[in-house]
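# Residue-level structure breakdown
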Amino acid sequence: MSANENPRNVPTVLVERMVARLRDLPFNRYPDPLANTLRDDIANAYGLERTNVLVGNGGDELLFDIALAWGGPGRTLLNFPPTFSVYAANARLTHTTVESIDRLPDFTLNEEAILERVAKGKVQCIMITSPNNPTGQCARLEFIEQLLNATDALVVVDEAYGEFAGQTVLPLLEAHQNLLILKTFSKAYALAGVRLGYVLAHASVINELIKVRQPYSVDAVSQAFGEVVFENRALFESGIEEIISERARVFEVLTCDDAFAKVEAFPSDANWILMRVPQAHEAWDYLYSQGVLVRDFSSAPLLGGCLRVTIGTPAENDRFLRELKVFLGKVTS
Ligand code: PMP
């Protein structure tokens, strides 16, 4: 319950189709460098063209490509911590300047400060995670639209967890050349082990990423598996629904049950819940000793006392709640 993975594996019926696809693969040949079949499948599903889609070796590779193409010495990335640590790490690796505008105490974006900073110019790339990892909530669509209109910088909206949120910036894409939407197969589509992510953007943006990407980063096996999973993505809907309803159930227990009165749980649009817990590191240790692994953010900047629990199966969630309750019963003050 630590890495925001899907608690359920790919359905067996699809695993069988994936294995069948392997039998026909020409392993001696290089893969299609751009994964055009999968690109076309994704483009069709979103009513876009192939030139609006780029597939990568996980969202992580695409984030690195974004840093290579829009970062570098003399360039500035606008970042809104606490957020996904990979953006700042990639900026460091590419000698990109990072300007951070911290989120407000409730972890919403400081919209006013962001618009003020953007008005001064000299920003090449802006990262918005929606829902934001690890805090959980989406950015406001109206704000993202306002931001897109206020800047020429590339606005990356990382929707790695968008399928759990019921909100997407996709309708803003047609009118905004500076919008890049990042998505992944790792979460809602249970393929974290395969490494597939994709970007939706105008062709001019995709072309810049193609210049810096590794030509064969998406291997033939991943392409074949991605095609099967994407074609059959309807089969994942019930799992997504279960995660959303379990998220509501766990949140309700954490916020309404007296046994959890000392816990401050933050609302989430994603497949996890961030919470502030007394003696958080000790809580993490205790949970771990009982076989429950959550993510410890208790000493991370801006996240003091916080743990993040990924929503698991109903049984896993019950076990987490049971063990956290035992720990809280031992906390004296
Ligand atoms: N964006 C965010 C916000 C994430 O949390 C992650 C996964 N931890 C990614 C992108 C990248 O995911 P992947 O490389 O598995 O596609």
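Structure: see above.
Presented here is an overview of the structure given in this document. (Residues numbered from 1 in each chain as written. Predicted model: local features only at pLDDT ≥ 70, side-chain atom pairs only at ≥ 80, totals over all residues. Heavy atoms only, no water.)

The next thing to look at is the nonpolar core. One finds Ile126, Ile128, Phe185, Leu254, Met275 and Leu324 to be the most contacted residues of the largest nonpolar core, which totals 79 residues. Leu62, Ala69, Cys125 and Leu154 belong to the second-largest nonpolar core, a separate cluster that totals 21 residues. (Core = buried A, V, L, I, M, F, W, Y, C linked by side-chain atoms within 4.5 Å. Buried < 20%, exposed > 50% of the residue type's maximum accessible area, 1.4 Å probe, protein only.)

The subject of this paragraph is the sheet that holds strand β7 (residues 197-201). One open sheet holds the seven strands; their spatial order is β1-β7-β6-β5-β4-β2-β3, and the pairing between them is mixed. Since the sheet does not close on itself, it has two edges, and those belong to β1 (53-56) and β3 (97-100), each with one partner. Pairwise comparison of adjacent strand axes, ignoring direction, gives a mean angle of 20° for this sheet. Relative to β7, strand β6 (residues 179-184) is paired through five bridges, and the arrangement is antiparallel. When the bridges of β7 are listed, Thr184 appears paired with Gly197. Across the face of the sheet, helix α4 (residues 86-93) comes into contact with β2 (76-79), β3, β4 (125-129) and β5 (154-158) while running at roughly 165° to β2. (Pairing = 2+ DSSP bridges. Helix = DSSP H or I, 4+ residues; strand = E, 2+ residues; numbered from the N terminus. Axes fitted to C-alpha atoms, helices over the stretch in contact; angles between N-to-C directions. Contact = heavy atoms within 4.5 Å.)

It is at 11 Å that the axes of helix α9 (residues 237-256) and helix α11 (residues 314-330) come closest, and there the two elements cross at 15°. As the angle between them shows, α9 and α11 are arranged roughly parallel. Between α9 and α11 lies a crossing whose hand is right-handed. The residues of α11 that touch α9, namely those facing Glu242, Glu246, Arg249, Val250, Val253 and Leu254, are Pro314, Asn317, Asp318, Leu321 and Leu324. Residue composition of the contact of α9 with α11, by class: six nonpolar, one polar and four charged. (Parallel < 35°, antiparallel > 145°, perpendicular 65-115°, else oblique. Left-handed = near helix turned anticlockwise from the far one by under 90°. Nonpolar A, V, L, I, M, F, W, Y, C, P; charged D, E, K, R; others polar.)

Taken together, the four strands give an open sheet; going across it, the order is β8-β9-β11-β10, and neighbouring strands pair in antiparallel fashion. This sheet does not close on itself; its edge strands, each paired only once, are β8 (264-265) and β10 (295-296). Note: strand β9 (residues 272-276) against strand β11 (residues 306-310), five bridges, orientation antiparallel. Among the inter-strand pairings, Met275 is bridged to a residue of β11, identified as Leu307. On the sheet, α9 packs against β8 and β9 and is oriented at approximately 15° with respect to β9.

Around the ligand there are 14 residues in total, and Gly59, Asp158, Thr184, Ser186 and Arg195 lie nearest to it. One nitrogen or oxygen atom from the main chain of Asp60 is found 2.9 Å from an oxygen atom belonging to the ligand. Thr184 is positioned such that a nitrogen or oxygen atom in its side chain is 2.5 Å from an oxygen atom of the ligand. Across the complex, the protein chains shield 92% of the 400 Å² of accessible surface that the ligand would expose by itself. In terms of residue count, helix α3 (residues 58-70) provides more of the shell around the ligand than any other element does, three residues in total. Considering only residue class, the shell around the ligand consists of four nonpolar, six polar and four charged. (Near = heavy atom within 4 Å. Polar contact = N/O pair within 3.5 Å; in protein donor to acceptor, adjacent residues only side chain to side chain. Areas by Shrake-Rupley, 256 points an atom, 1.4 Å probe, with all protein chains shown as cover.)

All right, on to the pairing of β11 then. Of all five residues making up β11, five are buried, and the element is well covered by its neighbours. Burial of β11 is two-sided: the residues Cys306, Arg308 and Thr310 facing one way and the residues Leu307 and Val309 facing the other way are all buried. Sheet topology note: the β10/β11 ladder contains two bridges and is antiparallel. Directly across from Arg295, in β11, lies its bridge partner Arg308.

Moving on, we come to the side chain of Thr94. Looking at the element boundaries, Thr94 is found in the loop between α4 and β3. A polar contact is formed between the side chain of Thr94 and the side chain of Thr96, at a distance of 2.7 Å.

This brings us to the side chain of Thr83. Tracing the chain through its elements places Thr83 in the loop between β2 and α4. When its relative accessible area of 15% is taken as the criterion, Thr83 is described as buried. A polar side-chain atom of Thr83 sits 3.0 Å from a polar atom in the side chain of Thr129. If we ignore the near neighbours within four places in the chain, the residues touching Thr83 are Thr129, Asn132, Asn133 and Pro134.

Take the state of the cysteines next. Under the definition given, this model contains zero disulfides. No disulfide involves Cys256; its sulfur sits 19 Å from the nearest other cysteine sulfur, which is in Cys306. Unpaired in terms of disulfides, Cys306 finds its nearest cysteine sulfur in Cys138, a separation of 19 Å. (Disulfide = S-S within 2.5 Å.)

Next up on the list: helix α7 (residues 203-212). When we look at burial in α7, the residues that qualify are Val205, Ile206 and Leu209. An end-on view of α7 places all buried positions within 95° of arc, on one side of the element. In this fold, the buried residues of α7 make contact with α2 (36-46), β1, α3, β5, β6 and β7. (Arc of directions from axis to C-beta.)

Moving on, we get to the packing of aromatic side chains. The tally for this structure, following the rule as stated, stands at 12 aromatic pairs. Seen from their ring centres, Tyr161 and Trp272 are 4.6 Å apart, and the 85° between their planes marks the pair as edge-to-face. With Tyr161 in the loop between β5 and β6 and Trp272 in strand β9, the pair connects residues that are 111 residues apart, well separated along the chain. This pair shows no difference in class: Tyr161 is buried, exactly as Trp272 is. Where Phe185 meets Phe230, the ring centres are 6.1 Å apart and the plane angle is 55°; that geometry is what we call tilted. One end of the pair, Phe185, is in the loop between β6 and β7; the other, Phe230, is in helix α8 (residues 220-231), and 45 residues separate them in sequence. Looking at Phe230, the relative accessible area reads 4%, which means it is buried. Every member of this aromatic cluster is reached through a ring pair, and the members are Tyr46, Phe185, Tyr189, Tyr198, Phe230 and Phe236. (Phe/Tyr/Trp six-rings, centres within 6.5 Å; stacked < 30°, edge-to-face > 60°.)

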